[in-house]
Amino acid sequence: MTTPAPAALPEPEERGTLSIGHTVVRKIAQRAADQVDGTARAERRVAGLGLGTHGAGAKVAGRADEVDLSLDLALHYPASIGTVTGEVRERVTEEVERLTAYRVRSLRVTVSALLPEIQPRVR
């Protein structure tokens, strides 16, 4: 008994389309920013209650094959703000362009907090 040969796939341009939503781009940008040394997770508080922590926040705008990104992040104190934000810009741009078909047209970084690295109380 022989197995039939697999059918040949159509050419890539004839297979359909792939759309990557801005939500996916936002998550890629946030993850890339959070992986840079010097960035910190900030405490999330609502009405004075602690609700865990969060990393970088991102907003995405744009159309066609270009996006504009806005990042909001916290840094460890005493971090070199210029150095860390430069690394964030480089890493985020590289990851978004590598994983999606989008070109990063602009990237705005806002540092909203400088957080000290807390030493453990028990050693």
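This structure is a prediction, so every number in the text was calculated from the model and none was measured. The residue numbers shown here count from 1 along each chain, following its written sequence. The model is predicted, so local features are restricted to residues of pLDDT at least 70 and side-chain atom pairs to those at 80 or more, both for listing and for counting; the totals for chains, interfaces and linings are taken over all residues. Side-chain metrics rest on all non-hydrogen atoms present in the structure, leaving aside hydrogens and water.

Okay, unusual backbone geometry next. Note: most residues except glycine have negative phi, and most peptide bonds are trans. Omega for the bond connecting Tyr77 with Pro78 falls within 30 degrees of zero, at 0°, which places this linkage in the cis form. Put simply, DSSP marks the helices as runs of H or I at least four residues long and the strands as runs of E at least two long, and each gets a number from the N terminus on. In this structure, Pro78 sits in the loop between β5 (66–77) and α2 (81–99). The backbone phi angle of Ala64 is positive, close to 55°, even though this residue is not glycine. Assignment of secondary structure puts Ala64 in the loop between β4 (57–63) and β5.

Opposite charge on two side chains permits pairing when their charged atoms draw close. Counted as salt bridges are all cases of a side-chain nitrogen of Lys or Arg within 4 Å of a carboxyl oxygen of Asp or Glu. Inspection of the entire model under this criterion finds four salt bridges. The partner of Arg103 in a salt bridge is Glu66, with the nearest N and O atoms 2.3 Å apart. Of this pair, Arg103 sits in strand β6 (residues 103–116) while Glu66 sits in strand β5, and the two are 37 residues apart along the sequence. The exposure class assigned to Glu66 is partly exposed, which follows from its relative accessible area of 22%. Accessibility here uses a 1.4 Å probe with only protein chains present; expressed as a share of the type maximum, an area under 20% marks a residue as buried, one over 50% as exposed, and anything in between as partly exposed.

Looking now at the environment of Thr100. Tracing the sequence through the fold places Thr100 in the loop between α2 and β6. For Thr100, a relative accessible area of 8% corresponds to the buried category. In this structure the C-alpha to C-alpha distance between Thr100 and Val24, which are 76 residues apart in sequence, comes to 9.1 Å. Note on definitions: a residue-residue contact is assigned when non-hydrogen atoms from the two residues lie within 4.5 Å. When near neighbours in sequence (up to four residues on either side) are disregarded, Thr100 contacts Ile20, Val25 and Ile28.

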